[in-house]
Amino acid sequence: LGRMKPVIVVHGGAGRIFKEREEGSRAGVVRAALRGYGILKQRGSALDAVEEAVRSMEDDPHFNAGCGSVLNEKGEVEMDAIIMDGKNLDSGAVSAVKCVANPIKLARLVMEKTKHMLLTDRGAHLFAQAMGIPETSGEKLITERSRERWKKNLEPDSNPEEFQKDLGTVGAVAIDSEGNVACATSTGGLSNKLIGRVGDTACIGSGGYADNNSGATSTTGHGESIMKVVLARLILYHMEQGMSPEMAADAALDYMKTRVGGLGGVIVVNNSGEWAARFSTKQMSWATVKDDQLHYGIYAGEKHTKPVDEALASESGGF
């Protein structure tokens, strides 16, 4: 038992990360990767690891998920999330949920406690109540920054598209010591989106996909474009054809760009533990841990490496 070396990869969203938010984004993905890896090191499941990593980023106001989510046209937070188990292709998702601190936890419950895969809006809310998940006031999830951006986008000469480049969906993929893979993705969606808009995140095969036969992936970027090419499943298809995670990710992102003009980013792990973090946007915050080495970056070609022990030591003292 324990043939596989566990690996976790996380992303904090593809797009444009403003200078003053870089440090926070970097620290946030590193913290999430270390938390997920901690679970894997203790022989925990890939499923638990990706859920914990995503929960950590939902609780971090730097990211567009959970607390810190962007606001819809009416100034409310509506969130989407998905989780998937590569062992049996079980998945759970929620869309357009309000007043829940951790949509990824709710998605996991949908997977494990219902016969369904996706619950939306009011139904998801009722299910959360039935599961005893405490209600968080919508106000608690709204940051000053999200509200300011929402106001800016309401101005007659504003261009919400411009701001939507700074997306910040969060996600994680992992393989555990048993060789099981899993993925998780969570988002607040697009700023000033129509009420009830659901993007790629909650859609299986678009926002994420996990299959022990090939691997797992989580995506971020322009949701409508991702849905058009079913990006997550497309990457796994390329890996099934024999491509490495990096080649598969680049091929799929390239196709999305040429075919529908969409930009995004992906994290991938295959069933032998090779990983990739690739993006066609200017930036994507990402971090991974493998063989007790932490790697992380934001810009294309940027990759910092440090031993996990050292990272954990500085984790308590910040970066």
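Criteria and cut-off values
Residues numbered from 1 in each chain as written. Predicted model: local features only at pLDDT ≥ 70, side-chain atom pairs only at ≥ 80, totals over all residues. Heavy atoms only, no water. Helix = DSSP H or I, 4+ residues; strand = E, 2+ residues; numbered from the N terminus. Rg over C-alpha atoms; globule rule 2.2 N^0.38 Å. Buried < 20%, exposed > 50% of the residue type's maximum accessible area, 1.4 Å probe, protein only. Contact = heavy atoms within 4.5 Å. Areas by Shrake-Rupley, 256 points an atom, 1.4 Å probe, with all protein chains shown as cover. Core = buried A, V, L, I, M, F, W, Y, C linked by side-chain atoms within 4.5 Å. Pairing = 2+ DSSP bridges. Axes fitted to C-alpha atoms, helices over the stretch in contact; angles between N-to-C directions. UniProt positions renumbered as here; feature names shortened; annotations may be inferred. 1 Å grid on protein atoms, 1.4 Å probe; cavity = no way out; pocket = protein on both sides within 12 Å on 5 of 7 lines; lining within 4 Å.

## Some words on the overall build of the protein
Here comes step 1: The secondary structure content of the protein amounts to 11 helices and 13 strands.
Here comes step 2: Taking 20 Å as the expected radius of gyration for a compact globule of 319 residues, we find that the protein reaches 18 Å, a close match to that expectation.
Here comes step 3: When its C-alpha atoms are laid out on the principal axes, the protein stretches across 55 × 45 × 45 Å.
Here comes step 4: Per-residue burial over the protein gives 59% buried out of 319 residues.
Here comes step 5: Contacts spanning at least 24 positions in sequence make up 65% of the contacts within the protein whose residues lie at least 6 apart.
Here comes step 6: A total of about 13100 Å² of accessible surface is found on the protein, and carbon and sulfur atoms cover 51% of it.

## Quick look at the nonpolar core
Here comes step 1: With 51 residues, the main nonpolar core has Ile8, Val10, Ile83, Leu106, Ala287 and Val289 as its most contacted residues.
Here comes step 2: Non-local contacts of Ile83, meaning those with residues more than four positions away in its chain, are made with Leu47, Val50, Glu51, Asp90, Ser91, Gly92, Ile104, Ala107, Arg108, Met111, Cys183 and Ala184.
Here comes step 3: Ranked by size, the runner-up nonpolar core spans 34 residues in total, among them Met4, Met84, Ala232 and Ala248.

## A look at the sheet that holds strand β2 (residues 79-85)
Here comes step 1: If you trace the 9 strands from one edge of the open sheet to the other, you get β4-β3-β2-β6-β5-β1-β11-β12-β13, paired in mixed fashion. Taken across any chain shown, the strands that pair with only one partner, and hence form the sheet edges, are β4 (118-120) and β13 (304-307). Here the average twist between neighbouring strands, direction ignored, is 10°.
Here comes step 2: In the packing of helix α2 (residues 46-58) onto the sheet, contacts are made with β1 (7-15), β2, β5 (170-175) and β6 (181-187), and the angle to β5 comes to roughly 160°.

## Looking at the environment of Gly207
Here comes step 1: Mapping Gly207 onto the fold places it in the loop between β6 and β7 (208-211).
Here comes step 2: The exposure class assigned to Gly207 is buried, which follows from its relative accessible area of 0%.
Here comes step 3: Each C-alpha atom of the pair Gly207 and Glu20 lies 28 Å from the other, and the pair is 187 residues apart in sequence.
Here comes step 4: When neighbours within four sequence positions are excluded, Gly207 is seen to be in contact with Thr185, Asp200, Thr201, Thr217, Ser218 and Thr219.

## Observations concerning the UniProt feature "binding site: substrate" (unreviewed entry) in the protein
Here comes step 1: The sites that carry the UniProt feature "binding site: substrate" (unreviewed entry) are, in the present numbering, Arg197, Val198, Gly199, Asp200, Thr220, Gly221, His222 and Gly223. Of the annotated positions mentioned, Arg197, Gly199, Asp200, Gly221 and Gly223 line the second largest cavity.
Here comes step 2: Among the structural elements, Thr220 can be located in strand β8 (residues 215-221).
Here comes step 3: Classification of Thr220 as buried rests on a relative accessible area of 1%.
Here comes step 4: Residues within four places of Thr220 in sequence aside, it is in contact with His11, Gly13, Ala14, Thr169, Ile226, Gly264, Gly265 and Met284.

## Notes on the side chain of Ser25
Here comes step 1: For Ser25, the position within the fold is in helix α1 (residues 19-41).
Here comes step 2: Judged by its relative accessible area of 4%, Ser25 falls in the buried class.
Here comes step 3: Filtering out sequence-adjacent residues up to four positions away, Ser25 remains in contact with Ile17, His62, Phe63, Ser285 and Ile298.

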